[in-house]
Amino acid sequence: MQYYSDEQRWLLEPDPPPRRRTRPGPGLMALGALCVAAVAAVAWWAQPDDVGADLQTVVTRPDTSTSSTSAPSTTVALRPTTSLVAAPATVSADGGRLPATSDGASDELSAPAESTSSSSSSSSSSSSSTTSMPTTTTAPTSTTEPTTPAATDCFELVMRDDFDGTELQGHWQRYSAGGSHSVHDDKRPEAITVADGKLVITAQVDANGKSFGGGMRHSYSQTYGRYAFRVRVDRDSTNSTSGVILTWPESGNQPRDGESNIWETLHLPGSRSPYYSFIHEMNDDRADGVAQTRFVHNADASQWQTMVMEWTPGSITVQRAGDSTVHRIDQDAKGNLVPNVAHHLTVQLDLFKDGLAGAEPVHMEVDWIEVYRYCGT
């Protein structure tokens, strides 16, 4: 039998039977009595009558073993007492966004053709320091939702969507065409469905063998705020898709007005682990628009993950629920690192290539989303 730890051994293996002394049989008792009689015959005095009784006495020791010992509990802090700061870095592994605008008359938006994506092969990056956590012997199941980290500043809830019913709420607007990464990044409204209390974006192939994904934006925009959500995406053997939830500038002017990719899987070979956050600088003077800070989350994005970003005038922090690491970037003297203009939330399953033909569809699922406004000073 295999055990996960010494502490669990007592839960899985029965205790051994207690050791007892065996009561002497009749033959041994008769021999003892004969010896006593022989001694009495040659003794100068009479043997006391209780000697035979003493020789037949059996002592039974009480069973002192116990299985009531409980394994030590482990308490995991969701947020360390000090923030962990990551230095800015230049990274070129970004998932470009759809800087769409709308007059609010329709829930479908046309995406422009420009792209903010670039090759990841020549990128340099830095990630925040990490706080080590106690290890556990068994991983939580995908249905177990860790506690969402508590707010650290003044934030007021303005929207929560649990995606009940079968239709999107009116404050969401689907993208209706086009994409931002390449000619292959085709986003269509039919890729987005709502069922079983989840938003689902499905990257798939149409009747002509063309791959397409989907995306949508929230109609509410704000400067500073808190965003929280629970999300997962299927693994993709073709490395064609990247799931992302981000804030995009309401002006549509990126890189001038920044971009904050809270949860992004990229389209790298292999599994969906790790995944990333990218905070794009404002007023980026690089021609390719990829001056950004990257945070690495050492977890599997194909499993449910809860993410939180807090955006204030002085900093942006990103944290994964269940991990005590708080990734942080502080505003610099030029005011470029932390955006100071209005952004809106977008949810996208991007295509980096037309590669899904003959493969299984890729599903991105969102359980819930919360948006808070900043009420601090």
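How each quantity is defined
- Residues numbered from 1 in each chain as written.
- Predicted model: local features only at pLDDT ≥ 70, side-chain atom pairs only at ≥ 80, totals over all residues.
- Heavy atoms only, no water.
- Helix = DSSP H or I, 4+ residues; strand = E, 2+ residues; numbered from the N terminus.
- Buried < 20%, exposed > 50% of the residue type's maximum accessible area, 1.4 Å probe, protein only.
- Contact = heavy atoms within 4.5 Å.
- Areas by Shrake-Rupley, 256 points an atom, 1.4 Å probe, with all protein chains shown as cover.
- Polar contact = N/O pair within 3.5 Å; in protein donor to acceptor, adjacent residues only side chain to side chain.
- Salt bridge = Lys/Arg side-chain N within 4 Å of Asp/Glu carboxyl O.
- Core = buried A, V, L, I, M, F, W, Y, C linked by side-chain atoms within 4.5 Å.
- Pairing = 2+ DSSP bridges.
- Disulfide = S-S within 2.5 Å.
- pLDDT = per-residue confidence, 0-100.
- Phe/Tyr/Trp six-rings, centres within 6.5 Å; stacked < 30°, edge-to-face > 60°.

Visitor: Pulling in residues and values, what's your account of the overall build of the chain?
Guide: A count of helices and strands for the chain gives 3 helices and 19 strands. Every one of the 377 residues in the chain was classed for burial, and the buried ones make up 44%. Excluding contacts between residues fewer than 6 apart, the proportion of contacts in the chain whose partners are at least 24 apart in sequence is 75%. For the chain, the exposed area adds up to about 19100 Å²; of that, 51% sits on carbon and sulfur atoms.

Visitor: Which residues make up the environment of R174, and what values go with them?
Guide: Mapped onto the elements of the fold, R174 is located in strand 5 (residues 172-177). On the basis of relative accessible area, R174 is assigned to the buried category, the value being 12%. A polar side-chain atom of R174 sits 3.3 Å from the main-chain carbonyl oxygen of P189.

Visitor: Could you give an account of the pattern of salt bridges, with specific residues and numbers?
Guide: Within this structure, the stated rule accounts for 18 salt bridges. Its salt-bridge partner being K187, residue D350 comes within 2.8 Å of it at the nearest N-O pair. Placement of D350 in strand 18 (residues 343-351) and of K187 in the loop between strand 5 and strand 6 (192-195) is noted, with a sequence separation of 163 residues between them. In this structure, D350 and K187 share a single accessibility class: buried. For E310, the salt bridge goes to R226, with nearest N and O atoms at 2.6 Å. Taken together, the positions of E310 in strand 15 (residues 305-311) and R226 in strand 10 (residues 225-233) put the pair 84 residues apart, joining distant regions of the chain. Residue E310 is classed as buried on the basis of its relative accessible area of 4%. By relative accessible area, which is 4% here, R226 ends up buried. Among the charged side chains, a salt-bridge network with shared partners connects K198, R232, D234 and E365.

Visitor: Can you break down the nonpolar core residue by residue, with the values?
Guide: Ranked by size, the top nonpolar core spans 46 residues in total, and within it W263, V347, M364 and I369 carry the most contacts. Considering every element that reaches this core, the biggest residue donor is strand 19 (residues 362-374), with 7 residues.

Visitor: Break down unusual backbone geometry for me, with residues and values.
Guide: The omega angle of the peptide bond from Q254 to P255 is 25°, so this bond is cis rather than trans. Of note, the amide linkage connecting S273 to P274 takes the cis form, showing an omega dihedral of 0°. Within the secondary structure, P274 sits in the loop between strand 12 (259-264) and strand 13 (275-280). Even without glycine at this site, D196 takes up a positive phi of about 55°. Note on placement: D196 falls in the loop between strand 6 and strand 7 (198-205). Here the phi dihedral of L266 falls at roughly 65°; this positive angle occurs in a residue that is not glycine. As for its position among the elements, L266 is in the loop between strand 12 and strand 13.

Visitor: Outline the pairing of strand 7, listing residues and values.
Guide: In the sheet, strand 6 pairs with strand 7 via 4 bridges, with the strands oriented antiparallel. Each bridged residue has a counterpart across the sheet, and for I192 the counterpart in strand 7 is I201. Here strand 6 folds back onto strand 7, and the loop between the two strands holds 2 residues, one of which, D196, carries a positive phi near 55°. Two strands pair when backbone bridges link them, and strand 7 and strand 19 are joined in this way by 5 bridges, in the antiparallel orientation.

Visitor: Kindly report on the state of the cysteines, identifying the contributing residues and their values.
Guide: Throughout the structure, instances matching the rule amount to 1 disulfide. What pairs with C154 in a disulfide is C375, and their sulfur atoms sit 1.8 Å apart. When the S-S torsion is -105°, as for the bridge of C154 with C375, the disulfide is left-handed. In this pair, C154 is assigned in the loop between strand 3 (108-110) and strand 4 (155-161) and C375 in the segment after strand 19, connecting sequence segments 221 residues apart.

Visitor: I'd like a rundown of the confidence of the model for the chain, residues and numbers included.
Guide: As a general rule, the predicted coordinates of low-pLDDT regions are not to be interpreted in detail. Per-residue confidence for the chain gives a mean pLDDT of 72; residues scoring 70 or more make up 59%. Predicted confidence for residues 1-23 stays below pLDDT 50, and this span has 22 contacts to residues more than four positions away or in other chains. Note that pLDDT drops below 50 for residues 39-107; the model gives that stretch 152 contacts with residues more than four away or on any other chain.

Visitor: Could you give an account of the packing of aromatic side chains, with specific residues and numbers?
Guide: Each aromatic ring pair is characterised by the separation of its centres together with the angle its planes make. Tallied over the entire structure, the rule returns 6 aromatic pairs. Summarising the aromatic geometry, the rings of Y224 and Y374 are spaced 6.0 Å apart at their centres and angled 75° between planes, so their arrangement reads as edge-to-face. Placement of the pair is Y224 in the loop between strand 9 (214-222) and strand 10 and Y374 in strand 19, with a sequence separation of 150 residues. Assigned by exposure class, Y224 and Y374 land together as buried. An angle of 55° between the planes, with centres 6.4 Å apart, marks the rings of W263 and Y275 as tilted.

Visitor: Which residues make up the pairing of strand 15, and what values go with them?
Guide: For strand 15, the tally of buried residues reaches 7 of 7 residues, placing the bulk of the element in the interior. Burial along strand 15 is two-sided: the residues Q305, M307, M309 and W311 and T306, V308 and E310 are all buried. The pairing of strand 15 with strand 16 (residues 315-320) spans 5 bridges and is antiparallel. Within the sheet, the bridge partner assigned to M309 lies in strand 16 and is V318. Taken together, strand 15 and the strand that follows it, strand 16, pair antiparallel across an intervening segment of 3 residues.

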